[in-house]
Amino acid sequence: QAYLDELYRHGLREGAAGPAAEAASPAEPYDGEAAAAFAAQTLNVFVPIAHRLGMWYFKTELEELCFAVSKPRAFRKLSSSLQQVHAEYSSLLEEAAARIRAALKADPILRTHTESIRVQARMKSAYSAWSKMRRKQVTLTELHDVLGLRIIFKPSQSGRLPTPHHWQRQAILCYRALEVVHRVYPPLLGRRIKDYVACPKQNGYQSLHSSVRLGSLRSEIQVRTTEMHRFAEFGKASHWLYKSEESDGLDDWLAAAERSRRRQQQKGSQRGGQKGAQPSRGKAQPQAARLQG
């Protein structure tokens with residue numbers, strides 16, 4: 001969060017926006033070289049860490065801010081182009097989303113085994129589009145996944161299944177949802193379906209990706225469950241925050257952190273007793289403060 005705040009501050013005069021930018025003072029001194037160095041450090045150190053942990057939300061946020069700070073002109077130009085593409089095809093995306101949503105809700109299997117289904121539009125981030133354009137030596141109009149639709153559904157749960165059966169059910173429902181989508185919008189010929197459900201990425205990411213044509217727009221459809229979506233956004237942290245659908249994962253995580261803190265305190269006390277020294281009251285207070293910190 002500290003890195004996000006610092007990038008928002010550096011990006012104030014370069015077009016970056018965000019909650020921290022609104023709270024920052026416009027009169028803060030701005031050092032272009034320091035900002036560029038800070039952005040480079042973030043891209044080389046913290047973005048790869050977020051990627052490895054599967055924390056897509058933070059990875060994307062850091063990349064966008066670093067892009068805005070280090071290459072402000074390219075960022076503004078590409079962001080403007082992306083907004084124009086979105087404005088041009090927004091009505092088409094809404095129509096496609098409505099058709100897919102109706103087809104999914106009409107399917108008897110999905111209607112029986114899901115609690116909710118969401119179909120939402122998504123747009124590629126400026127940094128991701130810029131990186132892919134450079135890597136493949138193509139223009140923005142040649143990218144197939146600039147705009148797309150994401151299907152997120154929550155399987156119904158009458159009770160928690162054993163872990164293998166739990167994931168099998170989620171996978172089966174993902175494949176069923178994609179089958180329904182392909183009845184409405186067939187996949188593009190020559191474009192493979194990326195199955196990250198059966199073969200997750202190294203960071204644990206799971207989803208189905210399929211390229212389709214929504215009228216005049218070549219687009220990408222993503223299918224995942226709510227549990228897969230949480231992991232895609234927050235990575236391995238989602239396991240601590242949402243340990244199951246039946247309990248308050250945040251309370252469990254806080255309780256575990258408290259137990260860990262107490263164990264550290266006990267270890268510190270034991271080490272002090274083994275030394276046989278009886279520190280004075282004035283010296284014991286700083287140590288307790290360090291342990292609690």
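Before any of the text, the structure's been laid out above.
Numbering of residues starts from 1 in every chain and runs along the sequence as written. Side-chain atom pairs in this predicted model are given and counted only at pLDDT of 80 or more, local residue features only at pLDDT of at least 70, and totals for whole chains, interfaces and linings cover all residues. The side-chain values count all of the structure's non-hydrogen atoms but skip hydrogen atoms and water molecules.

Sorry, what's going on with the pattern of salt bridges here?
Pairing of side chains with opposite charge becomes possible as their charged atoms draw close. Here, a salt bridge means any Lys or Arg side-chain nitrogen found within 4 Å of an Asp or Glu carboxyl oxygen. Inspection of the entire model under this criterion finds eight salt bridges. Taking the shortest distance from any N to any O, the salt bridge between E63 and K59 comes out at 2.8 Å. Placement of the pair is E63 and K59 together in helix 4 (residues 56-70), with a separation of four residues, close to one helical turn. In terms of burial, E63 and K59 fall into one category: buried. Between D145 and K124 there is a salt bridge whose closest N-O contact spans 3.1 Å. Secondary structure elements follow DSSP: runs of H or I of four or more residues count as helices, runs of E of two or more count as strands, with numbering from the N terminus. Note on exposure labels: buried denotes an accessible area under 20% of the residue type's maximum, exposed denotes more than 50%, and partly exposed covers the range between, all computed with a 1.4 Å probe on protein chains only.

Mind showing me how you'd approach the sheet that holds strand 3 (residues 194-195) here?
In a beta sheet, neighbouring strands are held together by backbone hydrogen bonds and run either parallel or antiparallel to one another. Strand order in the open sheet formed by five strands is 1-2-5-4-3, with mixed pairing between adjacent strands. Two strands lie at the open edges of the sheet, namely strand 1 (114-123) and strand 3, each paired on one side alone. Bridge count for strand 3 against strand 4 (residues 208-214) is two bridges, and the pairing is antiparallel. Within the sheet, the bridge partner assigned to D195 lies in strand 4 and is L208. Here, residues are in contact when the closest pair of their heavy atoms is within 4.5 Å. Interaxial angle, 0 to 180 degrees, is taken between N-to-C directions of lines fitted to C-alpha atoms, where a helix line uses only the stretch in contact. Sheet strands in contact with helix 5 (residues 72-106) are strand 1, strand 2 (147-155), strand 4 and strand 5 (217-225), and its direction is about 35° off that of strand 2. Packing of helix 9 (residues 226-234) onto the sheet brings it into contact with strand 1, strand 2 and strand 5, and relative to strand 5 it is tilted by some 105°. Two strands qualify as a pair provided that DSSP identifies no fewer than 2 bridges between them.

Would you mind going over the environment of I172 with me for this structure?
Locating I172 in the fold gives a position in helix 8 (residues 163-184). Taking the C-alpha atoms as reference points, I172 and V197, separated by 25 residues in sequence, lie 9.7 Å from one another.

Which parts of the structure should I look at to understand helix 5?
In an α-helix, one turn spans 3.6 residues; hence positions three or four apart end up facing the same way. Bending is quantified residue by residue as the angle between axes fitted to the seven-residue window ending at that residue and the seven-residue window starting at it. The largest bend in helix 5 comes to about 55°, at Y89. What helix 5 keeps buried is the set P72, F75, L78, S79, L82, Y89, L93, A96, A97, I100 and L104.

Sorry, what's going on with the pairing of strand 4 here?
Within a regular strand, the side chains alternate between the two sheet faces. With six of seven residues buried, strand 4 lies mostly within the body of the structure. Where strand 4 folds back onto strand 5 in an antiparallel hairpin, the turn is made up of two residues, including G215, whose phi is positive at roughly 70°.

Explain the packing of helix 4 against helix 9 here, please?
The angle between the axes and the distance between the axes are what describe a pair of packed helices. Where helix 4 meets helix 9, the closest approach of the two axes is 4 Å, and the angle between their N-to-C directions is 40°. Between helix 4 and helix 9, the angle falls in the class oblique. For the pair formed by helix 4 and helix 9, the contact residues are W56, Y57 and F58 on the first element and A232, E233 and F234 on the second. We call Asp, Glu, Lys and Arg charged. Ala, Val, Leu, Ile, Met, Phe, Trp, Tyr, Cys and Pro are nonpolar, and the rest, Gly among them, are polar. Of the residues contributing to the contact of helix 4 with helix 9, the split by class is five nonpolar, no polar and one charged. Roughly parallel here means an angle under 35 degrees, roughly antiparallel means over 145, roughly perpendicular means 65 to 115, and every remaining angle is called oblique.

Would you take a moment to explain the environment of L82 for this structure?
By the element assignment, L82 lies in helix 5. Under the relative-accessibility criterion, L82 is labelled buried at 3%. What L82 contacts, discounting residues up to four positions off in sequence, is M123, K124, S125, A126, L140 and V146.

Please clarify how a nonpolar patch on the surface should be interpreted in this entry.
Patch rule: a residue counts if its relative accessible area is over 30% and it has no salt bridge; like charges are joined within 9 Å, and nonpolar side chains (Val, Leu, Ile, Met, Phe, Trp, Tyr) within 5 Å. Where accessible areas are quoted, they stem from the Shrake-Rupley method and a 1.4 Å probe; at the residue level, only the protein chains shown are allowed to cover. Together, V45, F46, I49 and L53 line one region of the surface with nonpolar side chains, adding up to about 290 Å² of accessible area. For L53, the position within the fold is in the loop between helix 3 (32-52) and helix 4. Residue L53 is classed as partly exposed on the basis of its relative accessible area of 33%.

Teacher, can you tell me more about the packing of aromatic side chains here?
For any pair of aromatic rings, geometry is given as the distance between the ring centres together with the angle between the planes. Only centres within 6.5 Å qualify two rings of Phe, Tyr or Trp (six-membered ring in Trp) as a pair; their planes then separate them into stacked at under 30 degrees, edge-to-face at over 60, and tilted for everything else. The final tally for this structure, using the stated rule, is five aromatic pairs. Measuring from ring centre to ring centre gives 5.9 Å for F67 and Y127, while their planes differ by 75°; the resulting arrangement is edge-to-face. You can see F67 sitting in helix 4 and its partner Y127 sitting in helix 7 (residues 126-136), a full 60 residues away along the chain. The pair F67 / Y127 is uniform in exposure class, with both members buried. Relative to W130, the ring of Y127 lies with its centre 5.9 Å away and its plane at 45°, an arrangement referred to as tilted. One end of the pair is Y127 and the other is W130, both in helix 7 and three residues apart, which spans about a single turn. Members of the aromatic cluster, joined through ring pairs, are F67, F75, Y127 and W130.

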